[in-house]
Amino acid sequence: MRTTSRFPVFGQPKEHLRRRTGASPNPVIALILLLVLGASLTLTACSSEPSTPTVTDLLGRSVEISENPVRIVTTHPTATETLYRAGGVAVGRDSSSRYPAEVLSLPNVGSAYNISTEAVAALDPDLVLIEALTQSGLVGSLEQLGIPVLAVRAASLDDIVQSLTLVGELIGMEDAAAQAVTDVQDRIDAAEENAPEGKSILIFVADAQNNVYAAKPASYPGLVAALIGLDNLATDLPDAGGIYMGYAPFSAEQATQISPDLVLTITPAPAPAPRLSAVLAQMPGFKEMPAVKAGRVVELDPVLFLQAQGPRIADAVEGLIDIMNNSA
């Protein structure tokens, strides 16, 4: 097939141009044509460059991230466990991230509540994974360093599924992430079949000043209890708000008025700090609760139920069902 194009004209000898036009080419016009052609080729080249993918994280932010980031720093156990469960690996982690065991050998970038942006930057990451509810304040300082920041979250089962799926897509491990989602959902579905019916609970957590809070369904421990249909007697209590959002302040007076079948406690502080399950028996009001008097108080694993919210929610669900069935 014969084609015509004006581009070969620029490579033809002047004698050919004279024969066609009868005059020498205007050098100004020739220069303009060259500039136009150059600009056209530049635009074509630019338009052919791949655009940076934009994703929406669990804070609802639009984030531009290069395809398949490989140098990833995680700043919270939720972020770390989500990344590894989706089939990825990190080059740095926060001090609270201790699962899976292989992360213990990674450089430490500070605690989840006191991340060193300098330590993060020193690892030259192409992505930082943070936890949405507690670490949104890290976004600005990290982005000023030119580091993309993506937030994951585990406030609900849907959050966990979304986080696993999003991370899996970003690191090119869609199949591994999809399998992780299936495993979590299948285990929870199977566990629910063994859940006791008609059991009421209260889940207590105390702060450093020994103020007691009851976990509502909007909290992570409350979510685990709700997934297996337990009657949470703190559901309608006023929310504390602030950093204790999802928890209700619980007084000694309330303890004499509300009587669950089982009391569950979580002690955030590591040993040798006394366990809240033991302390309740000495606290006014709480020691009068029938469940406390009868010894129906069980201490929950603070890692599974408070600190490492995320893909191990199935472990928490199965563990709570065992506790409920063995305490019947």
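Sequence positions are assigned chain by chain, starting from 1 and proceeding in written order. Per-residue local features of the predicted model are confined to residues with pLDDT of at least 70, and side-chain atom pairs are confined, for both listing and counting, to 80 or more; whole-chain, interface and lining totals are unaffected and use all residues. Only hydrogens and water are set aside when side-chain values are computed; all heavy atoms of the structure are taken into account.

Secondary structure elements follow DSSP: runs of H or I of four or more residues count as helices, runs of E of two or more count as strands, with numbering from the N terminus. Across its full length, the chain carries 14 helices and 13 strands. When accessible area is computed with a 1.4 Å probe and restricted to protein chains, residues below 20% of their type maximum are described as buried, those above 50% as exposed, and intermediate ones as partly exposed. Counting only residues that meet the buried cut, the chain has 43% of its 328 residues in that class. Any pair of residues with heavy atoms lying within 4.5 Å of one another is described as a contacting pair. Look at the contacts in the chain between residues 6 or more apart in sequence, and 59% of them connect residues 24 or more apart.

In this section: the packing of aromatic side chains. Stacked, edge-to-face and tilted are the three classes for Phe, Tyr and Trp ring pairs, Trp counted by its six-membered ring, which pair at centre distances within 6.5 Å; planes under 30 degrees apart are stacked, over 60 edge-to-face, the rest tilted. Considering all chains together, one arrives at four aromatic pairs under this definition. Measuring from ring centre to ring centre gives 4.9 Å for Phe204 and Phe250, while their planes differ by 55°; the resulting arrangement is tilted. One end of the pair, Phe204, is in strand S8 (residues 200–206); the other, Phe250, is in the loop between strand S11 (247–249) and helix H10 (252–255), and 46 residues separate them in sequence. Note on accessibility: Phe204 and Phe250 belong to one class, buried. Relative to Phe286, the ring of Phe204 has its centre 5.5 Å away and its plane inclined at 85°; by these criteria the two rings are edge-to-face. Of this pair, Phe204 sits in strand S8 while Phe286 sits in the loop between helix H11 (276–279) and helix H12 (290–293), and the two are 82 residues apart along the sequence. Here Phe204 matches Phe286 in class, with each residue buried.

Pairing between two strands requires that DSSP report at least two bridges joining them. Strand order in the open sheet made by the three strands is S3-S6-S7, with parallel pairing throughout. Whereas interior strands pair on both sides, the edge strands pair on one side only; in this sheet they are strand S3 (72–74) and strand S7 (149–152). Here the average twist between neighbouring strands, direction ignored, is 25°. By the bridge criterion, four bridges tie strand S6 (residues 127–131) to S7 in an arrangement that is parallel. Across the sheet, residue Ile130 finds its bridge partner in S7, namely Ala151. Every axis in this analysis is a line fitted to C-alpha atoms, fitted for helices over the stretch in contact. Angles between the N-to-C directions lie between 0 and 180 degrees.

On to the confidence of the model for the chain. Caution applies to low-pLDDT regions: their predicted coordinates should not be interpreted in detail. Of all residues in the chain, 84% attain a pLDDT of 70 or more, and the chain-wide mean is 87. What pLDDT expresses is the predictor's confidence in each residue, scored from 0 to 100. Every residue in residues 1–24 scores below 50 in pLDDT, and together they form 12 contacts with partners more than four places removed in sequence or on other chains. Contacts for the low-pLDDT stretch residues 28–49, under 50 throughout, to residues beyond four places or in other chains number three contacts.

We now examine the side chain of Thr78. Among the secondary structure elements, Thr78 is positioned in helix H3 (residues 77–85). A distance of 2.6 Å separates the side chain of Thr78 from the backbone oxygen of Gln309, its partner in a polar contact. The contacts of Thr78, once residues within four sequence positions are left out, are Glu131, Val152, Arg153, Ala154 and Gln309. As used in this structure description, the phrase polar contact means that two N or O atoms lie within 3.5 Å; if the pair is within protein, one of them must be able to donate a hydrogen and the other to accept it, and residues adjacent in sequence are counted only when both atoms belong to side chains.

Turning our eyes to something else, we now look at the pattern of salt bridges. Close approach of charged atoms allows side chains with opposite charge to pair. Salt bridge, as used here, is a side-chain nitrogen of Lys or Arg placed within 4 Å of a carboxyl oxygen of Asp or Glu. The full count for this structure, using the stated rule, is eight salt bridges. Asp315 is the partner of Arg187 in a salt bridge, and the nearest nitrogen-oxygen pair spans 2.7 Å. Of this pair, Arg187 sits in helix H8 (residues 174–192) while Asp315 sits in helix H14 (residues 313–326), and the two are 128 residues apart along the sequence. Taking the relative accessible area as the measure of exposure, Asp315 reaches 28% and is therefore partly exposed.

Okay, the pairing of strand S9 (residues 212–215) next. Of the two faces of S9, the one lined by Val212 and Ala214 and the one lined by Tyr213 and Ala215 are each fully buried. The pairing of S8 with S9 spans three bridges and is antiparallel. Note on S9: the bridge partner recorded for Ala206 is Val212. Linkage of S8 to S9, two consecutive antiparallel strands, is achieved through a turn of five residues, within which Asn210 is found at a positive phi near 65°. Of the pairings in the sheet, the one linking S9 to S11 comprises three bridges and is antiparallel in character. Bridge pairing in S11 places Ala215 opposite Tyr247.

This brings us to the environment of Gly285. With respect to the secondary-structure elements, Gly285 resides in the loop between H11 and H12. Overall, Gly285 belongs to the buried group, its relative accessible area being 12%.

Look at the link from Tyr99 to Pro100: it is a cis peptide, with omega at -5°. For the bond from Ala271 to Pro272, the omega torsion is 15°, close enough to zero to count as cis. Relative to the assigned elements, Pro272 resides in the loop between strand S12 (262–266) and H11. For Asp124, which is not glycine, the phi torsion reads 50° and is therefore positive. Considering the arrangement of structural elements, one finds Asp124 in the loop between helix H4 (117–122) and S6. What makes Asp124 exposed here is its relative accessible area of 56%. Positive phi values are uncommon outside glycine, yet Asn210 reaches one of about 65°.

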